[in-house]
Amino acid sequence: MEKKLLIEGMSCNHCVNHVRTALTEDIKGVEVREVSLDGKYAIVNMDDSVKEEELKALIEDLGFQLIAIQ
Ligand code: 9UX
């Protein structure tokens with residue numbers, strides 16, 4: 001199902017790449033559609049099996065904050 005992850009703290013395009021790579025490679029069942037620096041979000045397709053806590057931990061380990069999942 002398609003979800004929008006609101007992410008605070010990305011300040012350059014390397015940050016965007018870190019988020020895209022981590023979401024793609026470090027969690028099973030997540031496909032990244034778009035990561036927006038200006039919009040402070042990532043659009044993903046993810047399986048129902050993916051836990052919000054898992055996403056939150058991944059984003060925070062990168063040094064960013066997962067504000068909400070919509
Ligand atoms: Mo850019 Mo982001 O130099 O954590 S990689 S600020």
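Looking at an unreviewed UniProt entry, one finds the chain named Heavy metal-associated domain protein, with Intestinibacter bartlettii CAG:1329 as its source organism.

Student: For this particular structure, what's the right way to read the overall build of the chain?
Tutor: Scanning the chain from N- to C-terminus turns up two helices and four strands. Its helices and strands in sequence order give the chain the pattern β-α-β-β-α-β, from N to C terminus. Dimensions of the chain, computed from C-alpha atoms along their principal axes, come out at roughly 30 × 20 × 20 Å. Out of the 70 residues in the chain, the part that is buried amounts to 19%. For the chain, contacts bridging at least 24 residues in sequence account for 57% of all contacts bridging at least 6.

Student: Whenever I open this one, the site of the ligand confuses me. Can you help?
Tutor: Within the structure, the ligand sits among Ser11, Cys12, His14, Cys15 and Gly63. When its residues are assigned to classes, the shell around the ligand shows two nonpolar, three polar and no charged.

Student: Please explain the nonpolar core as it appears in this structure.
Tutor: Nonpolar side chains tend to gather and get buried jointly when the protein is soluble and globular. Leu5, Ile7, Val19 and Ala42 are the most contacted members of the largest nonpolar core, which has 13 residues in total. The residues touching Ile7, leaving out its near neighbours within four places in the chain, are Val19, Lys40, Tyr41, Ala42, Ile59, Phe64, Gln65, Leu66 and Ile67.

Student: Can you walk me through the pairing of strand E2 (residues 30-36) in this structure?
Tutor: The side chains of a regular strand alternate, residue by residue, between the two faces of the sheet. Of the pairings in the sheet, the one linking E2 to strand E3 (residues 41-46) comprises six bridges and is antiparallel in character. Counted as the bridge partner of Glu31 is Asn45 from E3. Connecting E2 to the next strand, E3, in antiparallel fashion are four residues, including Lys40 with a positive phi near 55°.

Student: What's the story with the environment of Asp61 in this structure? I'm lost.
Tutor: By the secondary structure assignment, Asp61 is in helix H2 (residues 52-61). Given 10 C-beta atoms within 10 Å, Asp61 falls into the exposed group. Taking the C-alpha atoms as reference points, Asp61 and Leu37, separated by 24 residues in sequence, lie 18 Å from one another.

Student: Can you walk me through the pairing of strand E1 (residues 2-8) in this structure?
Tutor: Here E1 pairs with E3 via five bridges, running antiparallel. For Lys4, the partnering residue across the bridge sits in E3 and is Ile43. Bridging between E1 and strand E4 (residues 65-69) involves four bridges; their strand directions are antiparallel. Paired with Leu5 across the strands is Ile69, a residue of E4.

Criteria and cut-off values
- Residues numbered from 1 in each chain as written.
- Predicted model: local features only at pLDDT ≥ 70, side-chain atom pairs only at ≥ 80, totals over all residues.
- Helix = DSSP H or I, 4+ residues; strand = E, 2+ residues; numbered from the N terminus.
- Buried ≥ 20, exposed ≤ 12 C-beta atoms within 10 Å, placed from the backbone.
- Contact = placed C-beta atoms within 7 Å.
- Near = placed C-beta within 6 Å.
- Nonpolar A, V, L, I, M, F, W, Y, C, P; charged D, E, K, R; others polar.
- Core = buried A, V, L, I, M, F, W, Y, C linked by C-beta atoms within 7 Å.
- Pairing = 2+ DSSP bridges.

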